[in-house]
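Observations on chain architecture
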Amino acid sequence: YLLLKKEDDYKKIIQRILRIVIALVACGLIYSLYFTFVNPDPSFQKFFERFVKVYYVSPSNALWYLYAYLGILIMLPFIQKMTASMQRIDYHIFFGISAFFVSVLPILSHYIPELKINSHFQLPLFGGYICMLLIGRYFSKFEIKKTKCGFFIACAVFVIMTAFNVVATYFEYQKKSSGYLFFDNRVFLPILLQSVCVFYMASFAKFSKNASKAISYIGSCTFGIYL
């Protein structure tokens, strides 16, 4: 969401995209070599097949964010221009549409199949990851009131959503053990609300100048290690 504060030229966007592509290819190469040599019958053909599959299959569950980030980077220059001129009301309407069609309706239609919408009706602009980006931008662009009451409400919502996920997952397992991970979806409303609550609660933290520098440094190292 920090990237939405800027308006980068296409050269800068391409540089960012290439860095992530290189990281993805490198990870794909390492994973392909590893899985090939632990195979009882290693061969160059199997290595090549695994490596080529990086295009459409993540070599590891841990790398899903690289694919997501690549998609966001391609759209970034257009989202930057769009959010730069959006007013508070535009964000509210955007969040409302995204929350309903992306975060709520899939859950409702899971239990009431008749609510499922025709597949030709699509709203790609209101994707879950785009919604999260805009929520971050909303917090930074507009002054959000920080009150004790708001903090405790955020804590309560976080706990309630956590409890809901645990109970809902339990019942999903009872219904069909193989499909118990239905609620393990970061764009569904329970996890989306948890993310917003954590973001809001974290905004209350205050640090000295030196502490802020240390935290920023550790944060950049952590992201680099994870990448």
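First things first, this report covers the structure right here in the doc.

The rules behind these values
- Residues numbered from 1 in each chain as written.
- Predicted model: local features only at pLDDT ≥ 70, side-chain atom pairs only at ≥ 80, totals over all residues.
- Heavy atoms only, no water.
- Core = buried A, V, L, I, M, F, W, Y, C linked by side-chain atoms within 4.5 Å.
- Buried < 20%, exposed > 50% of the residue type's maximum accessible area, 1.4 Å probe, protein only.
- Helix = DSSP H or I, 4+ residues; strand = E, 2+ residues; numbered from the N terminus.
- Contact = heavy atoms within 4.5 Å.
- Phe/Tyr/Trp six-rings, centres within 6.5 Å; stacked < 30°, edge-to-face > 60°.
- Salt bridge = Lys/Arg side-chain N within 4 Å of Asp/Glu carboxyl O.

On to the nonpolar core, then. Residues Tyr91, Phe94, Phe95 and Leu134 are the most contacted members of the largest nonpolar core, which totals 34 residues. Listed by contribution, the elements that provide at least two residues to this core are helix H1 (10-37), helix H3 (64-84), helix H4 (88-111), helix H5 (128-141) and helix H7 (189-202). When residues no more than four places from it in sequence are discounted, the contact partners of Leu134 are Leu4, Ile79, Met82, Thr83, Met86, Tyr91, Phe94 and Phe95. If you look at the next biggest cluster of nonpolar residues, it comprises 6 residues, including Val102, Ile107, Phe183 and Val187.

Our focus in this paragraph is the packing of aromatic side chains. Evaluation of the coordinates by the stated rule reveals 24 aromatic pairs. Considering the side-chain rings of Phe47 and Phe51, the 6.1 Å spacing of their centres and the 10 degrees angle between planes classify their relative orientation as stacked. Separated by 4 residues within a single helix, Phe47 and Phe51 lie in helix H2 (residues 44-52), roughly one turn from each other. For Phe47, a relative accessible area of 14% translates into the label buried. For the pair Phe164 and Phe183, a centre-to-centre distance of 5.6 Å together with 85 degrees between the ring planes defines the contact as edge-to-face.

Examined against the element boundaries, Tyr67 turns out to sit in helix H3. Separated by 71 residues in sequence, Tyr67 and Tyr138 place their C-alpha atoms 24 Å apart. Apart from residues no more than four positions distant in its own chain, Tyr67 is found in contact with Leu24, Val54, Tyr55, Val57, Ser58 and Pro59.

In this section: the pattern of salt bridges. Scanning the model with the defined rule gives 2 salt bridges in all. For Asp8, the salt bridge identified is with Arg16, shortest N-O distance 2.6 Å. With respect to burial, Asp8 and Arg16 carry one shared label: buried. For the salt bridge of Lys175 with Glu172, the shortest nitrogen-to-oxygen distance reads 3.5 Å. Residue Lys175 and its partner Glu172 are both found in helix H6 (residues 148-175); the two are separated by 3 residues, about one turn of the helix. Using a relative accessible area of 51% as the deciding quantity, one classes Lys175 as exposed. A residue is classified by how much of its surface remains accessible, and Glu172, at 3% relative accessible area, is buried.

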